[in-house]
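As a plain string of letters, each chain reads:
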Amino acid sequence: MSADAVIIGAGIMGCAIAQALAERGLTDVVVLERDAIGRGATSDAAGGIRQQFSTETNVRLATSSVRVWETFHERFGQDISLHQQGYLFLLTDPADEPVFRRNLALQQQLGVPARWVTLEEIAAINPHVVLDDVYGGTFCPEDGWCDTYAATAGFAQAARRLGVEFREETAATGICLDSGRVSGVETPGGTIATPLAIVCAGPQTRLVGKLAGVEIPVDPYRRMSFITEPFAALPPTLPMTIEFATGLYFHPESAGFLFGMGNRDEPSSFDKTVDEDWLIQTVEALVGRAPAFADANVKRGWAGFYEITPDDNPVLGFVGEPEGLAVAAGFSGHGFMQGPAIGVCMAELILDGAATTVDISAFRPSRFREGVLAQEHNVI
């Protein structure tokens, strides 16, 4: 049992990287997944796709990914139910305006069609939100959302066609080292000899890193999402609408609406239960912002994880020691949307020594010990 590379985790990152490596000719790849493809943190995500970020690297990764999402069916033969109905940020704290305007200038410089919107323009884009405490916002019509499972499955199927092997219900139980470099990955079925292990384990990344004696600063934080029953009071053409100060969001989904709001005071944990008290607070905030939701019924709710780093940006690249250990994790809530670009960039880094589609060196693992963080402001 051997492979040129073993990828640990078959969420959007593991599958996109596997497909990108195989497309470049590295097909002797095994992807390990302790559950099923796309059924971990990726399946719990809201599926948002946006380009409105505060750092150049994130904007470029997002823009590159949008171009893939727009042509996904043509590239991979998979319908991902893409809805490019825009992201509308509502700003209620005056302190956010100068930051958002600086971010907007960067986005526009990099070709993102985002713009500042006044109260009158917000009312035209989404006439159902209360604007009493809103003083402005930003909107990008290219942003939107899609089906996370279908997208992940599309990458996995493409990788399989190129020769990549996926092993579901197979956890990585150890990482073997020999003379300071990776020599294999242990599983319940035996050890796979390999010189390259790529950790794409989402919220489990810190635990997987410890298998090789490496501390990767990625921690899980619970986020809950809810979906309403079919609900006709609001049109299905509305954009993803976000109250930035609280992180409250909602967008049309399956004849109803998907909504949620992160509890930023909650400590890190692996708790995936739904907090009924937080559901009540979220619904109250939702109805306060869009009163039409008072007549909606919650169909179901679920909890997933943000995988958060100290600067709310991912850890991308080789860890340094041991040699042959790479990581792509810690996306702090914006990993799914950047999956296509991350796959390509990680393949370039592994095969060519550097990523050229987007320079991802700002997100190198060594930045934490170097004290050179790259803080992302636009985190919800």
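I will try to describe carefully the structure that is included in this document. (Residues numbered from 1 in each chain as written. Predicted model: local features only at pLDDT ≥ 70, side-chain atom pairs only at ≥ 80, totals over all residues. Heavy atoms only, no water.)

### Description of the overall build of the protein chain
For step 1, the next point in the chain: Secondary structure assignment for the protein chain yields eleven helices and 19 strands.
For step 2, the next point in the chain: Relative to a compact globule of 380 residues, whose C-alpha radius of gyration would be 21 Å, the protein chain shows 20 Å and is just as compact.
For step 3, the next point in the chain: For the protein chain, the C-alpha atoms occupy an extent of roughly 65 × 40 × 40 Å along the three principal directions.
For step 4, the next point in the chain: For the protein chain, long-range pairs separated by at least 24 residues make up 74% of all intrachain contacts whose partners lie at least 6 apart in sequence.
For step 5, the next point in the chain: When the accessible surface of the protein chain is summed, it comes to about 14,800 Å², and 49% of that surface belongs to carbon and sulfur atoms.
For step 6, the next point in the chain: Distance from the positive charge centre (26 side chains) to the negative charge centre (48 side chains) of the protein chain: 3 Å. (Helix = DSSP H or I, 4+ residues; strand = E, 2+ residues; numbered from the N terminus. Rg over C-alpha atoms; globule rule 2.2 N^0.38 Å. Contact = heavy atoms within 4.5 Å. Areas by Shrake-Rupley, 256 points an atom, 1.4 Å probe, with all protein chains shown as cover. Lys, Arg positive; Asp, Glu negative; His and termini not counted. Charge placed at Lys NZ, Arg CZ, Asp CG, Glu CD.)

### Remarks on the side chain of Ser 366
For step 1, the next point in the chain: Along the polypeptide, Ser 366 turns up in the loop between helix H10 (335-352) and helix H11 (367-370).
For step 2, the next point in the chain: Polar side-chain contacts of Ser 366 include one of 2.8 Å to the side chain of Glu 370. (Polar contact = N/O pair within 3.5 Å; in protein donor to acceptor, adjacent residues only side chain to side chain.)

### Comments concerning H10
For step 1, the next point in the chain: The axis of H10 is deflected most strongly, by about 45°, at Ala 341.
For step 2, the next point in the chain: Most of H10 is tucked away, with 15 of its 18 residues classed as buried.
For step 3, the next point in the chain: Just downstream of H10, Gly 353 is the residue with a positive phi angle, here 95°. (Bend = angle between axes of the 7 residues up to and from the residue. Buried < 20%, exposed > 50% of the residue type's maximum accessible area, 1.4 Å probe, protein only.)

### Some details on the environment of Arg 75
For step 1, the next point in the chain: With respect to the element layout, Arg 75 can be found in helix H4 (residues 72-76).
For step 2, the next point in the chain: Along the sequence, Arg 75 and Ala 158 sit 83 residues apart, while their C-alpha atoms lie 9.3 Å from each other.
For step 3, the next point in the chain: Aside from chain neighbours lying at most four places away, what touches Arg 75 is Arg 67 and Val 68.
For step 4, the next point in the chain: Within the structure, Arg 75 has its side chain in polar contact with the side chain of Thr 71 (distance 2.7 Å).

### Looking at the packing of aromatic side chains
For step 1, the next point in the chain: In the structure shown here, the tally under the stated rule is 17 aromatic pairs.
For step 2, the next point in the chain: Above the ring of Tyr 149, the side-chain terminus of Arg 39 is found at 3.9 Å from the ring centroid.
For step 3, the next point in the chain: Above the face of the Trp 116 ring, Arg 101 is positioned so that its terminal group lies 3.9 Å from the ring centre. (Phe/Tyr/Trp six-rings, centres within 6.5 Å; stacked < 30°, edge-to-face > 60°. Lys NZ or Arg CZ within 6 Å of the ring centre and 35° of its normal.)

### Thoughts on the sheet that holds strand E19 (residues 325-329)
For step 1, the next point in the chain: Judged by pairing direction, the sheet is mixed, and its six strands sit side by side in the order E8-E2-E1-E12-E19-E18 without closing on themselves. Where the open sheet ends on each side, the last strands, each with one partner, are strand E8 (165-168) and strand E18 (315-318). Mean inter-strand twist for the sheet, computed between neighbouring axes without regard to direction, equals 20°.
For step 2, the next point in the chain: Relative to E19, strand E12 (residues 197-199) runs parallel, the two being bridged by three bridges. Bridge pairing in E19 places Ala 197 opposite Leu 325.
For step 3, the next point in the chain: Relative to the sheet, helix H1 (residues 12-23) contacts strand E1 (5-8), strand E2 (29-33), E8, E12 and E19, its axis offset from that of E1 by approximately 160°. (Pairing = 2+ DSSP bridges. Axes fitted to C-alpha atoms, helices over the stretch in contact; angles between N-to-C directions.)

Bear in mind that shape data such as this cannot, by itself, settle questions of function.
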